[in-house]
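# Structure assessment
Here are the chains, one letter per residue:
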Protein chains: 2
Amino acid sequence: MTGRVAIVGLGPGSPEWMTPEASTVIAAASDVVGYGPYLDRLGLREDQRAHPSDNRQEMERARFALRLAAEGRAVAVVSGGDPGVFAMAAAVFEAIEEAPEWRRFDIRVAPGVTAMQAAAARLGAPLGHDFCAISLSDNLKPWAIVERRLRAAAEGDFVIALYNPASRARPTRVGDAFALLQGVKEPATPVAFARAVGRAGESLTLTTLGEADPSIVDMATLIVIGSSETRFIEGGARAWMLTPRAYGARR
Amino acid sequence: MTGRVAIVGLGPGSPEWMTPEASTVIAAASDVVGYGPYLDRLGLREDQRAHPSDNRQEMERARFALRLAAEGRAVAVVSGGDPGVFAMAAAVFEAIEEAPEWRRFDIRVAPGVTAMQAAAARLGAPLGHDFCAISLSDNLKPWAIVERRLRAAAEGDFVIALYNPASRARPTRVGDAFALLQGVKEPATPVAFARAVGRAGESLTLTTLGEADPSIVDMATLIVIGSSETRFIEGGARAWMLTPRAYGARR
């Protein structure tokens, strides 16, 4: 038994940010598996089968894709952003780990621009130095590990990108995260809420850790919290967010 | 005075990974500024001016680009990978911060796939959970902050991506970093050395923290060090590296 599965990142939404590899791999697929709204934007051909799913049930989607591949289909599993960053690549490899016969499959991962990078591009250069990416979802991990990582990220004075900050099931987690960080980082730390970058309804909100109102955050928001070096550059048509390449130069 | 500067990510090397936006922005530029080997691969037209530089002197390159823009040129500053991740975006915004007249310029950042994502795609799903990116370069920051961040990343049990691990000027830093991490993380922690992914001479080395030989690392290598959850999946044609979406499920 052999099979072919490509795990493909579509980027944050704008077709400008979808790599040529992603386009090529999707064009070569007989079957495309993914969240319905992502499939809708691909303009698949009539001879390609779309298999939409909702945005949860990642393991079921991964196993379904591998079973299709075992039937000889050329399968593309699509994710927004980068499939390797809080998206489908981990689920597919977890499914492969469960089933030794799937380990011999021809698996390809096509990387993509992830939300953190799209947000950073719009903001200026907030990730110009060392940074962390943390998902606030506690569906699959205890909240205690999120807290441990937020504290460690503050202790390391990393720039912090927060993914999956809020959902109807856990609306208070982003507030909990801000309360924790407000206890350990300076109130003047620059913060950005970058919503739906590259998609309809894009907006940027620049604020500080002391003044941030996390209640405005929704699941389409990527949050960037600065290090002690991060600052806003003002005085132009708009403000930019910068974490410089040097550390400690001002001390 | 006004001017236009685009700060453009070319991706890790393969044209498959360069976004349509990057291609469009470079095609629209009258002047392209960047490291010589990056310019060579762009196939610029005769009417476009290439301004190659060496890979250091980022600030001089940034100021030069802004001065060209002030003369009315349409300037693209190119970086490998993502310009926002250890690349040119921070240098350009630092130059903008220095000179208020440049703050009114029309600045655009075009994100790109960064080395960490290309490496992750080849490895499977090593960044499937929370992660940090740390540059081991101490040209612009004290080594003490690198050590502080490595310790914090270990304390937070993040997956760690290490950029700029070695150079002729500081060949021992990667060994110092491994010695530090070997003191605080399990010897069985999966480690990958991903060299020149998407370029000539691509190679992947899978090992463990206890057995890793950092002396094989060069400046073209991106290092991924797992969390306590990261593992290799073996038994197929090749091994994969997975950090699963769940945390603590095995405890």
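Being a predicted model, the structure only gives us computed values, none of them experimental. (Residues numbered from 1 in each chain as written. Chains lettered and ligands numbered in written order. Predicted model: local features only at pLDDT ≥ 70, side-chain atom pairs only at ≥ 80, totals over all residues. Heavy atoms only, no water.)

With that settled, consider the overall build of chain A. Helix and strand counts for chain A come out as 7 helices and 13 strands. Rg of the C-alpha trace for chain A: 20 Å, near the compact-globule value of 18 Å for 251 residues, within the 12% margin. The proportion of buried residues among the 251 residues of chain A is 60%. Summed over all atoms, the accessible surface of chain A reaches about 9500 Å², with 50% contributed by carbon and sulfur. Across chain A, 28 positive and 29 negative side-chain charges occur, with their mean positions spaced 1 Å apart. (Helix = DSSP H or I, 4+ residues; strand = E, 2+ residues; numbered from the N terminus. Rg over C-alpha atoms; globule rule 2.2 N^0.38 Å. Buried < 20%, exposed > 50% of the residue type's maximum accessible area, 1.4 Å probe, protein only. Areas by Shrake-Rupley, 256 points an atom, 1.4 Å probe, with all protein chains shown as cover. Lys, Arg positive; Asp, Glu negative; His and termini not counted. Charge placed at Lys NZ, Arg CZ, Asp CG, Glu CD.)

With that settled, the discussion passes to helix α5 (residues 115–123) of chain B. Residue and element names in this part refer to chain B. The element α5 is extensively covered by neighbouring structure, given that 7 of its 9 residues are classed as buried. Among all positions in α5, only M116, Q117, A118, A119, A120, A121 and L123 are buried. Just beyond α5, the residue with positive phi is G124, at close to 125°.

Once that is clear, we can look at the relation of the copies chain A and chain B. Once chain A has been moved 0.0 Å along the axis and rotated by 180°, it coincides with chain B to within an RMSD of 0.0 Å. This pairing of chains is accounted for by a two-fold axis. Among all residues of chain A, the one whose C-alpha sits closest to the rotation axis is C132 of chain A, at a distance of 2.0 Å. (Least-squares fit on C-alpha atoms with pLDDT ≥ 70 in both.)

This brings us to the pattern of salt bridges. Inspection of every chain in the model, using the stated rule, returns 34 salt bridges over all chains. Across the salt bridge formed by R122 of chain A and E202 of chain A, the nearest N and O atoms sit 2.6 Å from each other. Highlighted residues: R122 of chain A in helix α5 (residues 115–123) and E202 of chain A in the loop between β9 (190–195) and β10 (203–208), separated in sequence by 80 residues. In this structure E202 of chain A comes out as partly exposed when scored by relative accessible area, which is 30%. Across the pair D176 of chain B and R173 of chain B runs a salt bridge, and its minimum N-O distance is 3.2 Å. Here the residue D176 of chain B and the residue R173 of chain B both occupy positions in helix α7 (residues 173–184), the gap between them amounting to 3 residues, near one helical turn. Via salt bridges that share partners, E16 of chain A together with E21 and R108 of chain B belong to a single interconnected network. (Salt bridge = Lys/Arg side-chain N within 4 Å of Asp/Glu carboxyl O.)

Among all residues save glycine, negative phi is the norm, and among peptide bonds the norm is trans. Residue and element names in this part refer to chain A. In this model, F86 sits at a positive phi of 50°, which is unusual for a non-glycine residue. Here F86 is to be found in the loop between β4 (74–79) and α4 (88–98). Its identity is not glycine, yet D157 carries a phi of approximately 55°, on the positive side. Tracing the sequence through the fold places D157 in the loop between α6 (143–155) and β8 (159–163). A residue is classified by how much of its surface remains accessible, and D157, at 5% relative accessible area, is buried.

Moving on to the interface of chain A and chain B. Facing 70 residues of chain A, the contacting portion of chain B comprises 70 residues. Counting the surface lost from both chain A and chain B, the interface buries some 6100 Å², and carbon and sulfur atoms represent 58% of this. The tally of links from chain A across to chain B stands at 12 salt bridges. R149 of chain B is the salt-bridge partner of D130 of chain A, the closest N and O atoms lying 2.8 Å from each other. Our count for the contact surface shared by chain A and chain B stands at 37 residue pairs in polar contact (both at pLDDT 80 or more). A class-by-class count of the residues in the side of chain A that touches chain B yields 38 nonpolar, 14 polar and 18 charged. Bridging between strand β7 (residues 131–135) of chain A and strand β7 (residues 131–135) of chain B involves 3 bridges; their strand directions are antiparallel. Bridge pairing in β7 of chain B links C132 of chain A to C132 of chain B. (Contact = heavy atoms within 4.5 Å. Buried area = accessible area lost by both parts, 1.4 Å probe. Polar contact = N/O pair within 3.5 Å; in protein donor to acceptor, adjacent residues only side chain to side chain. Nonpolar A, V, L, I, M, F, W, Y, C, P; charged D, E, K, R; others polar. Pairing = 2+ DSSP bridges.)

This part covers the nonpolar core. Burial of nonpolar side chains together is a common tendency in soluble globular proteins. If you look at the biggest cluster of nonpolar residues, it comprises 50 residues, and the most contacted ones within it are F178 and I223 of chain A together with I134, F178 and I223 of chain B. Excluding anything up to four places from it in sequence, F178 of chain B contacts V191, F193, L209, A212, P214, I223 and I225 of chain B. Residues V85 and A192 of chain A together with A119 and A194 of chain B belong to the second largest nonpolar core, which totals 40 residues. (Core = buried A, V, L, I, M, F, W, Y, C linked by side-chain atoms within 4.5 Å.)

Before going further, it helps to spend a moment on the environment of P15 of chain A. Inspection of the secondary structure puts P15 of chain A in the loop between β1 (4–9) and α1 (20–27). The sequence separation of P15 of chain A and R199 of chain A amounts to 184 residues, and the corresponding C-alpha distance is 9.8 Å.

Here the focus is the side chain of T221 of chain A. Position of T221 of chain A relative to the elements: it lies in strand β11 (residues 221–225). Residues within four places of T221 of chain A in sequence aside, it is in contact with L162, P165, F193, A194 and R195 of chain A.

The next thing to look at is the packing of aromatic side chains. In total, this model carries 10 aromatic pairs over all chains according to the counting rule given. Measuring from centroid to centroid gives 4.9 Å for F86 of chain A and Y163 of chain A, while their planes differ by 55°, and the two rings are tilted. Here F86 of chain A, found in the loop between β4 and α4, pairs with Y163 of chain A, found in strand β8; they are 77 residues apart in sequence, far enough to count as distant. Look at Y163 of chain A and you get buried, because its relative accessible area is 7%. Between Y35 of chain B and Y38 of chain B, the ring centres sit 5.1 Å apart and the planes meet at 80°, which makes this aromatic pair edge-to-face. (Phe/Tyr/Trp six-rings, centres within 6.5 Å; stacked < 30°, edge-to-face > 60°.)

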